[in-house]
Structures are given as structure tokens and as C-alpha cells.
Amino acid sequence: MAKESTTIDIGETSTVTKSTSHALVDEKKKGFVTAAPGGGYKRGLTIFDFLLRLAAIGITIGASSVMFTAEETLPFFTQFLQFQAGYDDFPTFQFFVIAIAIVASYLVLSLPFSIVTIVRPLAVAPRLILLISDTVVLTLTTAAAAAAASIVYLAHNGNANTNWLPICQQFGDFCQTASTAVVAASISVVFFILLIVISAIALKRH
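Everything numeric here is computed off the predicted structure, so don't read it as measured data. (Residues numbered from 1 in each chain as written. Predicted model: local features only at pLDDT ≥ 70, side-chain atom pairs only at ≥ 80, totals over all residues. Heavy atoms only, no water.)

> Could you give me a rundown of the UniProt feature "transmembrane region" (unreviewed entry) in the protein, with the residues and numbers involved?
When the UniProt feature table is mapped onto this chain, "transmembrane region" (unreviewed entry) is found at residues 50-70, 90-116, 128-155 and 181-203. Along residues 90-116 the backbone is 96% helical and 0% strand, and the end-to-end C-alpha distance reaches 41 Å. Segment residues 181-203 splits into 100% helix and 0% strand. End C-alpha atoms: 33 Å apart. (UniProt positions renumbered as here; feature names shortened; annotations may be inferred. Helix = DSSP H or I, 4+ residues; strand = E, 2+ residues; numbered from the N terminus.)

> Mind laying out the pattern of salt bridges, listing which residues take part and the relevant values?
Tallying each qualifying case throughout the model produces three salt bridges. A salt bridge links Asp49 to Arg53, with the nearest nitrogen and oxygen atoms 2.7 Å apart. Highlighted residues: Asp49 and Arg53, both in helix 1 (residues 11-68), separated by four residues, approximately one helical turn. By the burial criterion, Asp49 is buried, and Arg53 matches it. In this structure, Arg127 engages Asp49 in a salt bridge whose closest nitrogen and oxygen atoms are separated by 3.3 Å. Within this pair, whereas Arg127 is found in helix 3 (residues 125-157), its partner Asp49 is found in helix 1, the two being separated by 78 residues in sequence. In this pair, the class of Arg127 matches that of Asp49, namely buried. (Salt bridge = Lys/Arg side-chain N within 4 Å of Asp/Glu carboxyl O. Buried < 20%, exposed > 50% of the residue type's maximum accessible area, 1.4 Å probe, protein only.)

> Run through the nonpolar core, naming residues and quoting values.
Counting residues in each nonpolar core, the largest one holds 25 residues, and the members touching the most others are Met67, Tyr87, Phe93, Phe96, Ile100 and Phe174. Looking at this core, the element that brings in the most residues is helix 4 (residues 172-204), giving seven residues. Setting aside residues no more than four positions away along its own chain, Ile100 makes contact with Thr60, Ala63, Ser64, Thr141, Ala144 and Ala185. (Core = buried A, V, L, I, M, F, W, Y, C linked by side-chain atoms within 4.5 Å. Contact = heavy atoms within 4.5 Å.)

> Tell me about helix 3, and name the residues and values.
In a regular helix each residue adds 1.5 Å, so 33 residues correspond to 48 Å; helix 3 covers 48 Å between its end C-alpha atoms and thus fits that length. Phi turns positive one or two residues past the end of helix 3, at Gly158, with a value near 70°. (Expected span 1.5 Å × (residues − 1).)

Following this line, the structure appears as C-alpha cells:
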């Protein structure tokens, strides 16, 4: 009885396997090259976000500190009366100091989340948390700055209809210090708007 011979052709199969593996590697390379520009763009946004937060920390701390030190005593006084003006004489300025201090504390606490977005620029959760939190804190910052600005305006110009006299002619240094604090807080409002825009752009490109 003649024996049947069985032949196994391995060469063609290995060639197909090699071709498939090369195709997969090429696809991975293409995907990497395509994703790299997007990741780099997002990383640039997140680094700018981090730098803005550092700048906003300095501005808010400065605004709160400057308003806290706003005080002036006139050189003339009587035996029973001394003319003095300080931030604690105005509840609005007290609110300003507390609110801006809270904003500065929030910015410090937000730095770790900003660092996470730098390390992982495609992460959605930390960016969404920053977007919501920045929006809430922007409202607080705007309220404090606007309220203090209204008092500073009255201190400079008064109100003839209510017979409120301007006090900045007498307390010039006090008004100048309060005005500086309000301007600094207004700049921080602009920074928060930029932070919110950056977060919105980063989320939109996902």
C-alpha cells in the first residue's frame, strides 16, 4: 500500500502574518502622528491656564491685602473727635476683603487640577471641574469688585441728590488705596474669563 505524503506550506502563512503585523504597526504610527498635534495643542492651552492661575493668585492676594491696609487718619483732630477712615468702616469693603481672599484660596487649590490637565491634556473630568468652579468663583469676584467700585465712586464723587459728600478730597490716600484694590480685582475678573474660555475650547475639541 502506498503511503500518502502530507506537505505543510508555512512560508506563505508567515508572509501573511508579517504583512498583517506591518500593517498594524503602520496604523498605530499613523494614529500617533494624527493625535500628536491635538495633544500638543491642548497641552499648550493647559500650560497657559496654569500660568494665568499663578498670575491671578498674585493679583487677588494683592487686591485683598491692599484693601485690608486701606486706612487714613487726618492730621487734625479735637479732644473728643478724630477723623479716620478705614476699610472696616464700610461693610462693602469688608465683604471685598473676605471674598477676594476666598478667591485667592480657591486659585491655590485649583493648581493641582491644572497640573493634572497638563500631564493628561485629553482628560475631561478635571477640565470640567475647573470650568464649573471658575464660573462660580467668577461670579463672586465680579460681585465683590462691582460692590467695592460703587463705594469708591461715591467716595470720589458723592451724590448731590442724597447730600452724600465726596470724602476723597480729605481722605485722598485712603481712596487711592481702595481704588487700586478695585482695579486689581477687576483684572482678576478678566483672568477668570480667559480661564473659562480656555476650558471651553479644550472641552469642545474632545
